[in-house]
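Fold and contact review
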Amino acid sequence: MDARDALNRSTATAIRVALGMLKRRTGEAVADGQLTTPELSALAQIERSGPSAVADLARQQQITPQAMGSTVASLEKHGLVTRSPDPNDRRRSLLTVSGAGSDALHSGRSAISDRMAVALGESFTDDEVAILAAAAPLLERLAQHL
């Protein structure tokens, strides 16, 4: 094993351990009106990707279309996404983030995000927060390649 392979393996292990701990610590404690982690993830994906079909979202999030359908139904129920016919294939619908959905994403309407923001403010320096901010898109890209 060369030096790069060893670094890749140790980095992968460190990320896996840290994300596992983060997932356990955050749990799914969601207060009334708060977005669950799957809802937040789907909403953010739609915002990044633009109008999306449920099947496409499921593929991007690596879950079943049925599970994504349940998440999308909740987002629709709360007025956070809108559904419109696909202009290229009238049998499909495309989801877009509504104004309320955009507000929810950018207001941090997630109990977990709120708790993380407090922890970042209380326990991390500005430089450390900047490093984590730069790492977030890289971690997302890593997840898309697994």
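Our subject is the structure listed above.
I will try to describe carefully the structure that is included in this document. No experiment lies behind these values; they were computed from the predicted model shown. (Residues numbered from 1 in each chain as written. Predicted model: local features only at pLDDT ≥ 70, side-chain atom pairs only at ≥ 80, totals over all residues. Heavy atoms only, no water.)

Summing up its helical and strand segments, the protein has 7 helices and 2 strands in all. Ordering the α and β elements of the protein from the N terminus gives α-α-α-α-β-β-α-α-α. Reported as C-alpha extents along the three principal axes, the dimensions of the protein are approximately 50 × 40 × 25 Å. Counting over 146 residues, the protein shows a buried share of 21%. For the protein, the proportion of contacts with a sequence separation of at least 24, taken over those separated by at least 6, is 53%. Accessible surface computed for the protein: about 9900 Å², of which carbon and sulfur atoms make up 58%. (Helix = DSSP H or I, 4+ residues; strand = E, 2+ residues; numbered from the N terminus. Buried < 20%, exposed > 50% of the residue type's maximum accessible area, 1.4 Å probe, protein only. Contact = heavy atoms within 4.5 Å. Areas by Shrake-Rupley, 256 points an atom, 1.4 Å probe, with all protein chains shown as cover.)

The next thing to look at is the nonpolar core. Generally speaking, a soluble globular protein has its nonpolar side chains buried in company with each other. If you look at the biggest cluster of nonpolar residues, it comprises 16 residues, and the most contacted ones within it are Met68 and Leu95. Every element with two or more residues in this core is listed here: α2 (37-49), α3 (54-61), α4 (65-77) and α5 (99-107). Considering each element in turn, this core owes the most residues, 4 residues, to α2. The contact partners of Leu95, leaving out residues within four places of it in the chain, are Ile46, Gly50, Pro51, Ser52, Val54, Leu57, Val72, Val81, Thr82 and Arg83. (Core = buried A, V, L, I, M, F, W, Y, C linked by side-chain atoms within 4.5 Å.)

As a further point, take the pairing of strand β1 (residues 81-86). Looking along a regular strand, one sees side chains alternate from face to face of the sheet. Of the pairings in the sheet, the one linking β1 to strand β2 (residues 89-97) comprises 6 bridges and is antiparallel in character. Note on β2: the bridge partner recorded for Arg83 is Leu95. With antiparallel pairing between neighbouring strands as the criterion, β1 and β2 make up a hairpin whose turn holds 2 residues. (Pairing = 2+ DSSP bridges.)

Here Ser49 is to be found in helix α2. Along the sequence, Ser49 and Thr96 sit 47 residues apart, while their C-alpha atoms lie 9.5 Å from each other. At 2.8 Å, the side chain of Ser49 and the side chain of Gln45 are in polar contact. (Polar contact = N/O pair within 3.5 Å; in protein donor to acceptor, adjacent residues only side chain to side chain.)

Time to look at unusual backbone geometry. Non-glycine residue Gln62 carries a positive phi angle of around 55 degrees. Topologically, Gln62 is positioned in the loop between α3 and α4. For Gln62, a relative accessible area of 48% puts it in the partly exposed group.

Take Glu39: it is sitting in helix α2. With relative accessibility at 10%, the residue Glu39 sits in the buried group. Look past the residues within four positions of Glu39 in its chain and what remains in contact with it is Gln34, Thr71, Ser74 and Leu75.

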